[in-house]
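Overview (structure and organization)
Listed here are the chains, written in short residue letters.
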Amino acid sequence: VINRGKVEQVGNAREVYEQPASKFVASFIGQTNVVTGIVKEEHIYLGDTLLPIPVSSRQSLPAAGDTVVLLVRPEDVVISKREKNNPSIPLKGTIEHIHYRGNFFEIDIRADNNGLHIKTALGKQGFVDQDLKVGDEISVGFRDFQFFHAPEGEKEIREKLSQLGYIE
């Protein structure tokens, strides 16, 4: 993957998609949610919500108080209408829009956490099993995500990626 003449990452499609080396690479292939968090006590917090960090990521966790940007693929967003107090899906949200995309549904969620907007992709069977509708209150979590130290914060990252045409 080349960014303005500079090699950002070399790898096969799966490596680049699942293990991006930078924010640019993560946003280059496929859609991604961009979320700002703060590191506290070896955890990432989104507002006042503790976000579990994958064990493999702990070694690269920035220092306490640092701002990080999480890049979460829609297919890695977990939602549940039924599990209200499951620590692995800690955010609370509301379904704002449901878009039929043929073999899956794209769901727009407004998390109760500082007006955070998240997109998820859910297969037909999962969608039918949960009987989801616009306005439903749900729990939201992340199965996987990449995070990067980002002192400039989410707004600046979003503007840069949008200007380059990599996110809407």
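Presented here is an overview of the structure given in this document. All values derive from a computational prediction rather than experimental measurement.

**What about the sheet that holds strand β10 (residues 117-123)?**
Strand pairing within a sheet occurs via backbone hydrogen bonds; the two strands may be parallel or antiparallel. Judged by pairing direction, the sheet is antiparallel, and its 5 strands sit side by side in the order β7-β11-β8-β9-β10 without closing on themselves. Since the sheet does not close on itself, it has two edges, and those belong to β7 (77-80) and β10, each with one partner. This sheet shows a mean twist of 45° between the axes of neighbouring strands, independent of strand direction. Across 4 bridges, β7 lies against strand β11 (residues 137-142) in antiparallel orientation. By the bridge assignment, I79 is partnered in β11 with V140.

**Notes on the sheet that holds strand β6 (residues 67-72)**
Sheet architecture is open: 5 strands sit in the order β5-β4-β3-β6-β12, paired in antiparallel fashion. Pairing within the sheet leaves two strands with one partner each, and these edge strands are β5 (49-51) and β12 (146-149). Strand after strand, the sheet turns through a mean of 40° between neighbouring axes, direction not considered. Sheet analysis places β6 next to β12, joined by 4 bridges and oriented antiparallel. Bridge pairing links V69 to F148 in β12.

**Regarding the pattern of salt bridges**
If you walk through the whole model with that rule in mind, you get 7 salt bridges. As a salt-bridge pair, D136 and K81 come within 3.2 Å of each other at their nearest N and O atoms. Here the residue D136 occupies a position in the loop between α3 (124-130) and β11, and K81 occupies one in the loop between β7 and β8 (91-100), the gap between them amounting to 55 residues. We classify D136 as buried; its relative accessible area is 11%. For K81, a relative accessible area of 23% puts it in the partly exposed group. Among the ionic pairs, D108 bridges to K119, the shortest N-O distance being 2.8 Å. Residue D108 is located in strand β9 (residues 104-111), and its partner K119 is located in strand β10; the two are separated by 11 residues in the primary sequence. A relative accessible area of 13% places D108 in the buried class. When its relative accessible area of 24% is taken as the criterion, K119 is described as partly exposed.

**Points about a nonpolar patch on the surface**
On the surface, a nonpolar cluster with roughly 320 Å² of combined accessible area is contributed by I2, V7 and V10. Along the chain, V10 turns up in the loop between β2 (6-7) and α1 (13-18). Residue V10 is classed as exposed on the basis of its relative accessible area, which comes to 74%.

**Looking at the nonpolar core**
Membership of the largest hydrophobic core comes to 26 residues, with the highest contact counts inside it found for L70, I79, I107, I118, V140 and F142. Listing elements by their share of this core, those giving two or more residues are β3 (33-40), β4 (43-46), β6, β7, β8, β9, β10 and β11. In this structure, I107 is in contact with I79, I95, H97, I118, K119, T120, L122, F127 and L132, ignoring residues within four places of it in sequence.

Parameters at a glance
- Residues numbered from 1 in each chain as written.
- Predicted model: local features only at pLDDT ≥ 70, side-chain atom pairs only at ≥ 80, totals over all residues.
- Heavy atoms only, no water.
- Pairing = 2+ DSSP bridges.
- Helix = DSSP H or I, 4+ residues; strand = E, 2+ residues; numbered from the N terminus.
- Axes fitted to C-alpha atoms, helices over the stretch in contact; angles between N-to-C directions.
- Salt bridge = Lys/Arg side-chain N within 4 Å of Asp/Glu carboxyl O.
- Buried < 20%, exposed > 50% of the residue type's maximum accessible area, 1.4 Å probe, protein only.
- Patch = residues over 30% accessible without salt bridge, like charges linked within 9 Å, V, L, I, M, F, W, Y side chains within 5 Å.
- Areas by Shrake-Rupley, 256 points an atom, 1.4 Å probe, with all protein chains shown as cover.
- Core = buried A, V, L, I, M, F, W, Y, C linked by side-chain atoms within 4.5 Å.
- Contact = heavy atoms within 4.5 Å.

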